[in-house]
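Structure at a glance
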Amino acid sequence: MIDYRIDRGSGVPAYVQIIEQTEQALRMGTLRVGDKLPTAREVVAATAINPNTVLRAYRDLEQAGLVELRRGLGTFVTRSLARPGAEDDSPLRREATDWVTRARAAGLERADVLALVTAVLDAYDNEHDGSPPRGREPKREDA
């Protein structure tokens, strides 16, 4: 199950944070097809946000084809976003974990790490005209 964290100081609406955290969990394999999301009541109790905010996020996730709302039963994952290399035991994951450990030891905070990774990805995309590495499909913006 996923535990949502709402950062009220981020400037990002709470429903967007729920969507992004759900998508991240789907990409990392933390959430799998068939898994049940927490109820709106459980999310409200854990985060102190409005129930309509949770419902909006869940509706948006449903419209994206990632979850299905089943009346009286809950909200269930219907599609995975996991890619090779995201698994806990993958070499890429281990390398990323080692790199983050070194970055943190060097004094970089979370925002610094994210900014550095974003800058490197942007430079890579600019250098390669936004084309994904061979054998990879481009990310669909409408999904």
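Residues numbered from 1 in each chain as written. Predicted model: local features only at pLDDT ≥ 70, side-chain atom pairs only at ≥ 80, totals over all residues. Heavy atoms only, no water.

1. Considerations on the overall build of the protein chain
For the protein chain, the count of helices and strands is five helices and two strands. Residue burial in the protein chain is summarised as follows: out of 143 residues, 24% are buried. Sequence separation of at least 24 residues holds for 50% of the intrachain contacts in the protein chain that already meet a minimum separation of 6. Accessible surface computed for the protein chain: about 10200 Å², of which carbon and sulfur atoms make up 51%. (Helix = DSSP H or I, 4+ residues; strand = E, 2+ residues; numbered from the N terminus. Buried < 20%, exposed > 50% of the residue type's maximum accessible area, 1.4 Å probe, protein only. Contact = heavy atoms within 4.5 Å. Areas by Shrake-Rupley, 256 points an atom, 1.4 Å probe, with all protein chains shown as cover.)

2. A look at helix H4 (residues 91-105)
Taking 1.5 Å as the rise per residue, H4 with 15 residues should run 21 Å; its terminal C-alpha atoms sit 21 Å apart, in good agreement. Positive phi shows up at glycine 107, right after H4, with a value of about 100°. (Expected span 1.5 Å × (residues − 1).)

3. Overview of the nonpolar core
Grouped burial of nonpolar side chains is what soluble globular proteins tend to show. Among the nonpolar cores identified, the biggest contains 22 residues, and Ile18, Leu37 and Tyr58 are the most heavily contacted of them. Residue assignment for this core shows that the elements contributing at least two residues are helix H1 (14-28), helix H2 (40-47) and helix H3 (51-63). With six residues, H1 is the largest single contributor of residues to this core. The residues touching tyrosine 58, leaving out its near neighbours within four places in the chain, are Tyr4, Ile18, Leu37, Pro38, Val43, Val67, Leu69 and Thr75. (Core = buried A, V, L, I, M, F, W, Y, C linked by side-chain atoms within 4.5 Å.)

4. Regarding the pattern of salt bridges
Applying the stated criterion across every chain, the model contains one salt bridge. Put simply, arginine 70 and glutamate 68 hold a salt bridge, and the shortest N to O gap is 2.8 Å. Assessed through its relative accessible area of 35%, arginine 70 is described here as partly exposed. (Salt bridge = Lys/Arg side-chain N within 4 Å of Asp/Glu carboxyl O.)

5. Looking at the packing of H2 against H3
Between two packed helices, the angle of one axis relative to the other and the distance separating the axes together describe the packing. The N-to-C vectors of H2 and H3 enclose an angle of 125°; their axes lie 9 Å apart at closest approach. With respect to their mutual orientation, H2 and H3 come out oblique. Judged by the sense of rotation from one axis to the other, the crossing of H2 with H3 is right-handed. From H2, Ala40, Val43 and Val44 reach across to H3, where they touch Pro51, Val54, Leu55 and Tyr58. Of the residues in the contact of H2 with H3, the class split is seven nonpolar, no polar and no charged. (Axes fitted to C-alpha atoms, helices over the stretch in contact; angles between N-to-C directions. Parallel < 35°, antiparallel > 145°, perpendicular 65-115°, else oblique. Left-handed = near helix turned anticlockwise from the far one by under 90°. Nonpolar A, V, L, I, M, F, W, Y, C, P; charged D, E, K, R; others polar.)

6. Details of the confidence of the model for the protein chain
Scored by pLDDT, the protein chain comes out at a mean of 88, with 87% of its residues at no less than 70. In the predicted structure, residues 135-143 sits below a pLDDT of 50 and forms five contacts with residues beyond four places in sequence or in another chain. (pLDDT = per-residue confidence, 0-100.)

7. Observations concerning unusual backbone geometry
Positive phi, close to 60°, is recorded for alanine 48, a residue that is not glycine. Within the secondary structure, alanine 48 sits in the loop between H2 and H3.

8. Comments concerning the environment of glycine 74
Note that glycine 74 resides in strand E2 (residues 74-77). Spatially, the C-alpha atom of glycine 74 lies 9.0 Å from that of alanine 40, the residues being 34 residues apart in sequence.

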